[in-house]
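So you can see what is in the structure, the chains are spelled out below.
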Amino acid sequence: MKHRDQKATRLVPIPPELVKILREHIDRFGVAEDGRLFRTGSGKPFPGSTVSKVWREARTYALTPDQVASPLAARPYDLRHAAVSLWLNAGVHAPEAAERAGHGVDVLLRVYAKCIDGQREVANQRILAALNAA
């Protein structure tokens, strides 16, 4: 994790379906000495070039041709941005989204505020409901 001690850890809440998949993977393949889930046959991390090659190929299976030609999910790291944007647009409060992403709230809002879209009407309804409840 960036800007953290090499042995630092953090909790990352994930859906039960993903927990099941990860547990099955660990039962079948174990983990590397450093705790990595995915590694080469010798236990080393995959080279970045290998990850990039597999990612480019996977995009061709998961996306339409127009999407493949676009910058959509061009890198695996883009999925992190997509996840955080999804959480915020789904109404997850900034402190919770920041904790899940491993950010401070200030960083989260600086990086992702522009990704929050279509929330004005929801905000107006919530404010009106709060005023009517008072």
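Data block above holds the structure.
Since the structure is predicted, the reported quantities are computational estimates derived from the model, not experimental observations.

### Brief notes about the nonpolar core
No. 1: Judged by nonpolar contacts, V84, L88, A94, A97, A98, A101, L108 and Y112 together constitute the single largest core of 8 residues.
No. 2: The element that contributes the greatest number of residues to this core is helix α5 (residues 94–101), accounting for 4 residues.
No. 3: Aside from chain neighbours lying at most four places away, what touches A101 is R10, R80, V84 and W87.

### Considering the side chain of D78
No. 1: By secondary structure assignment, the location of D78 is in helix α4 (residues 78–89).
No. 2: In this view, D78 contacts P71 and A73; residues no more than four positions away in its chain are not counted.

### As for unusual backbone geometry
No. 1: With a phi angle near 50°, A73 is a residue other than glycine that sits in the positive phi range.
No. 2: Considering the arrangement of structural elements, one finds A73 in the loop between α3 (65–69) and α4.

### Let's talk about the packing of α4 against α5
No. 1: At a minimum axis distance of 10 Å, the contact between α4 and α5 shows a crossing angle of 160°. In terms of axis orientation, α4 runs roughly antiparallel to α5. Crossing handedness for the pair α4 and α5: right-handed. In contact with R80, V84, W87 and L88 of α4, α5 contributes A94, A97, R100 and A101.
No. 2: When grouped by side-chain class, the residues that make up the contact of α4 with α5 number 6 nonpolar, no polar and 2 charged.

Rules used throughout
- Residues numbered from 1 in each chain as written.
- Predicted model: local features only at pLDDT ≥ 70, side-chain atom pairs only at ≥ 80, totals over all residues.
- Heavy atoms only, no water.
- Core = buried A, V, L, I, M, F, W, Y, C linked by side-chain atoms within 4.5 Å.
- Buried < 20%, exposed > 50% of the residue type's maximum accessible area, 1.4 Å probe, protein only.
- Helix = DSSP H or I, 4+ residues; strand = E, 2+ residues; numbered from the N terminus.
- Contact = heavy atoms within 4.5 Å.
- Axes fitted to C-alpha atoms, helices over the stretch in contact; angles between N-to-C directions.
- Parallel < 35°, antiparallel > 145°, perpendicular 65-115°, else oblique.
- Left-handed = near helix turned anticlockwise from the far one by under 90°.
- Nonpolar A, V, L, I, M, F, W, Y, C, P; charged D, E, K, R; others polar.

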